[in-house]
Amino acid sequence: MNFLSNYFYFFCLGVLLLVVGCSGEESTSASKEGVSSFPEKPVTLIVPSAAGGGTDATARALADATEDHLGESIGVENKEGGSGAIGMTQGANATPDGYTVSMVFVELTMLNHLGMSELTSDQFKPLGLVNLDPAALTVSADAPYDTVEEFIKYAEEHPGEVKVGNAGTGSIWHIAAESLAKETGIKLNHVPFEGAAPAVTSLMGGHVDAVTVSPAEVLPQVEAGDLKTLGVMSKDRSNIMEDVPTFEEEGVDVTPVGTWRGLVVPKDTPDEVAGKLEDAFLKGAEEEEFTEFMKNNGLGLEIKSSDEFQQFMNKESEFYGEIISDLDLGSNE
Amino acid sequence: MLFEGLMNAMQWQVILMIIIGSVIGISIGSLPGLTAVMGVALILPVTFGMDPVAGILLLVGVYFGAVYGGSLTAILINTPGTPSSAATAIDGFALTKKGYAHKALTISTLSSTIGGILSVIVLIIIAPQMASFALKFSAPESFALAVFGLSIISSIAGKTLIKGLIAGALGLMVATIGLDPIAGFARFTGGNENLINGIDLVPVMIGLFAASEAFTSIGDLFSAKRAKVVIEKTKLKWEEFRMLILTILRSAGIGTFIGMIPGAGGDITAFVAYNEAKRFSKDKRQFGEGDLKGIAAPEAANNSVTGGAMIPLLTLGIPGDAVTAVLLGALMVQGIQPGPMLFETNGSIVYTLFVGMLIANMIILLFGLMGIRLFTKILLIPKSVLMPIILVLCTVGAFAINNNFFDVIVMLIAGIIGYFMKRYEFPVSPVILGFILGPMLESNFSRSLVLSQGDYSIFFTRPITLVLLSLAFLTLFAPLLKRKVIKLKEDYI
């Protein structure tokens, strides 16, 4: 008995030493000296949306494909809520040592115009863009409308009754539904959820009548025949739903709205470190396992380098600034 | 199909992965601060290079093991390893203090594995039907479930209901810190950027349970009041176990059901099962003082969440909680797209997973029962040695959640608050309950009103919502009404 309790005592002591040892190693590598030897420890990738949505899946696949090029593991951390403001603000405020990378999406260029956050794209140093996806109008398979036109006609006859689920107030899918309503003159009831996945779940349960999320986020349910996509809000058809027409083809003229996903680090991250990360992530984005993943999951692969991404974000920010003030969403208090 | 799955799962590599996963899971779960989600996320990268079945089952082993492991330390040292085990600590630690640690752990192990196995069986047999029921849960239903969850404070409040309610209100208030879940505005952050994301549950839980326990023990060391450690070797009798069977079955049902509802997890479930065990028990006095049902119920329930959570994941492609979200990522990386088509496109893999889940539960049963003698040895460690170790683990655990020192401060403040709460006999579990349910309550309340365009009738015209809200009302006021009735009777006599 005495022997056993001694044994356990030493076992605990061992665990303790191990724990202390590990934490010690972490604190030394966090010091600023290690710029040239970056990276020396695992990198965290903050995903500002609920696990299970398109952004989360993309981040996990990209992290997986990038690890070999970076030489360190990349841990994905979900920080959902506030249309992504929670996670992105945390990403912007992270220590600028390159060990915290954030995945950002189109909302980054919208939140400030919406008056929902102080956050702007200027608080980040872009690494690169990897994906672009349009909004798609998806409804329950047994809904009484089969085309975009019929949907609009139904909404005209039932003003304010059609419930459209979105990924959070001021999210891109909310803007998509708002701009659809504004440009066609219909009235919709917009219901915010904490991300696209819960909105789709709610549509499956019949609690909302439609969602305006990307094709990838509804594809498994559409293939199973539970949901149907009426149209995509882009210039070209989606490559995963080739038989679904664009709004323009249906004779409904709306501004193309869609989401994109890119990677950023805090503004003050040293250029050398950011350059290493850009290299690794863009190489990862070209890996076959990542492009296969994007194809299998119906996500639009679109790669832009750090500079191109910066210009693209500037343009988007200007564009959404106009739409949001047009739609009078900026007064959202 | 099931037979094919059995053949595929019965390979030594697969079994070995499940064993490794379960052992890692039990260790991770029992350390405060390392939750099932973190465990699965930590092991995830290892599985990418593996065969899909072996990789996913390794993660399943970690998941199941961690849910079980969290209760070991809850029972032995009043330190729930994961939020799911917070309810177990109430009666589990009470039994340990009486010297029945051995019996408590036996019940925990048996209830956990029975609950786990039952939920997997439900998953195998009626997953698609269950999933369509889970879809009926919309915002008003989730709101009602959260209200019902809060009403449970009345059964875990301990000696005085008022103190329990104060503790619950404290939890709810702390949960409002951070960005508004619907509109995205920062609240009560005082400009501190660490508070923008709200306060994390895990540091609060570690502080309230573990650190406060350590502080109390340190106080005891300096006073003459030193508790004598007793470990009775009494084994669980068949008679006693037979009394628990109904509770275990009921709790497993509750666990599987709540597990499949999107947005509700093991933490809420364990409290609900505890509450129901108390409601159906004839003798309620022992609850909180070390009732065997008080362990069997939350343990069967939090482990049966594992099978329940798999239902919407595999049949709809929708993750119901954080762990299944990580598993969804793991499946997609392996090229398996969960969803309505999964059973047709990857049928043999699905049934292999099912068999693997059953094996994982068996392995936990085996390791759990074998390990009980070893686990109880932790009680023989002198408090003067054990408590500093616990404090170190608390600090490391709180830091590990977000690699943020702010969380360590939160843990210490929670520990100090917990110390005074224990000293003045305020129960700490209601704080955790309020903290977990606050955000769920708030966002679903707002969303319901958006859905109904401001019409409050949405809360009492839907059957599930109405039933849950009535249950909540009953749970909260039944003890008061009963007291009135007894008093009236006495007056008449």
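Relevant structure appears above.
For clarity, every value in this text was computed on a predicted model and none was experimentally measured.

(A) Local environment of the sheet that holds strand β2 (residues 74-78) of chain A. Residues and elements named next belong to chain A. The 6 strands lie next to each other as β2-β1-β3-β10-β4-β11, forming an open sheet whose pairing is mixed. The sheet is open, and its two edges are formed by β2 and β11 (301-304), each paired on a single side. Along the sheet, successive strands turn relative to each other by an average axial angle of 25 degrees, direction set aside. The sheet contact formed by strand β1 (residues 43-47) and β2 spans 5 bridges and is parallel. Residue pairing across strands places Thr-44 opposite Gly-75, the latter belonging to β2. The strands touched by helix α8 (residues 271-286) are β2, β3 (100-105), β4 (124-134), β10 (258-266) and β11; relative to β4, the strand with the most contacts, the crossing angle is about 20 degrees. On the sheet, helix α10 (residues 306-326) packs against β3, β4, β10 and β11 and is oriented at approximately 65 degrees with respect to β4.

(B) Fine view of the nonpolar core. Counting 253 residues, the largest nonpolar core has Phe-151 of chain A together with Tyr-63 of chain B as its most contacted members. Of the residues forming this core, the biggest block, 18 residues, is contributed by helix α4 (residues 52-77) of chain B. Counting residues domain by domain, this core receives three or more from each of domain 1 (42-132 + 259-326) and domain 2 (136-232) of chain A. When sequence neighbours within four positions are dropped, the list of residues in contact with Phe-151 of chain A reads Leu-137, Val-139, Tyr-145, Val-162, Leu-180, Leu-188, Ala-210 and Leu-230 of chain A.

(C) Molecular detail of the environment of Ala-214 of chain B. All names here are of chain B. Along the chain, the position of Ala-214 falls in helix α10 (residues 201-222). Measuring from C-alpha to C-alpha, the distance between Ala-214 and Thr-88 comes to 19 Å, with 126 residues separating the pair along the chain. Ignoring anything within four residues of it in the chain, the contact list for Ala-214 reads Met-387 and Leu-391.

(D) Up close: a nonpolar patch on the surface. A surface patch of nonpolar side chains, about 450 Å² in accessible area, is lined by Phe-399, Phe-405, Ile-409, Ile-413 and Ile-417 of chain B. Considering every element that reaches the nonpolar patch, the biggest residue donor is helix α18 (residues 405-423) of chain B, with 4 residues.

(E) Molecular detail of the environment of Ala-301 of chain B. Residues and elements named next belong to chain B. Inspection of the secondary structure puts Ala-301 in helix α13 (residues 293-316). Relative accessible area serves as the criterion here: at 0%, Ala-301 is assigned to the buried category. For the pair Ala-301 and Thr-88, spaced 213 residues apart in the sequence, the C-alpha separation amounts to 10 Å. Residues in contact with Ala-301, not counting those within four places in the same chain, are Ser-251, Gly-255, Thr-269, Ala-270 and Ala-273.

(F) Highlighting a negative patch on the surface. Residues and elements named next belong to chain A. Taken together, Glu-183, Glu-248, Asp-253, Glu-318, Glu-322 and Asp-326 make up a surface patch of like negative charges. When residues in the negative patch are grouped by element, the largest group, 3 residues, is from α10. With respect to the helices and strands, the residue Glu-248 is situated in the loop between β9 (227-232) and β10.

What counts, and at which threshold
Residues numbered from 1 in each chain as written. Chains lettered and ligands numbered in written order. Predicted model: local features only at pLDDT ≥ 70, side-chain atom pairs only at ≥ 80, totals over all residues. Heavy atoms only, no water. Pairing = 2+ DSSP bridges. Helix = DSSP H or I, 4+ residues; strand = E, 2+ residues; numbered from the N terminus. Axes fitted to C-alpha atoms, helices over the stretch in contact; angles between N-to-C directions. Contact = heavy atoms within 4.5 Å. Core = buried A, V, L, I, M, F, W, Y, C linked by side-chain atoms within 4.5 Å. Buried < 20%, exposed > 50% of the residue type's maximum accessible area, 1.4 Å probe, protein only. Domains from an automatic or database assignment. Patch = residues over 30% accessible without salt bridge, like charges linked within 9 Å, V, L, I, M, F, W, Y side chains within 5 Å. Areas by Shrake-Rupley, 256 points an atom, 1.4 Å probe, with all protein chains shown as cover. Salt bridge = Lys/Arg side-chain N within 4 Å of Asp/Glu carboxyl O. Lys, Arg positive; Asp, Glu negative; His and termini not counted. Charge placed at Lys NZ, Arg CZ, Asp CG, Glu CD.

Structural measurements only, silent on function.
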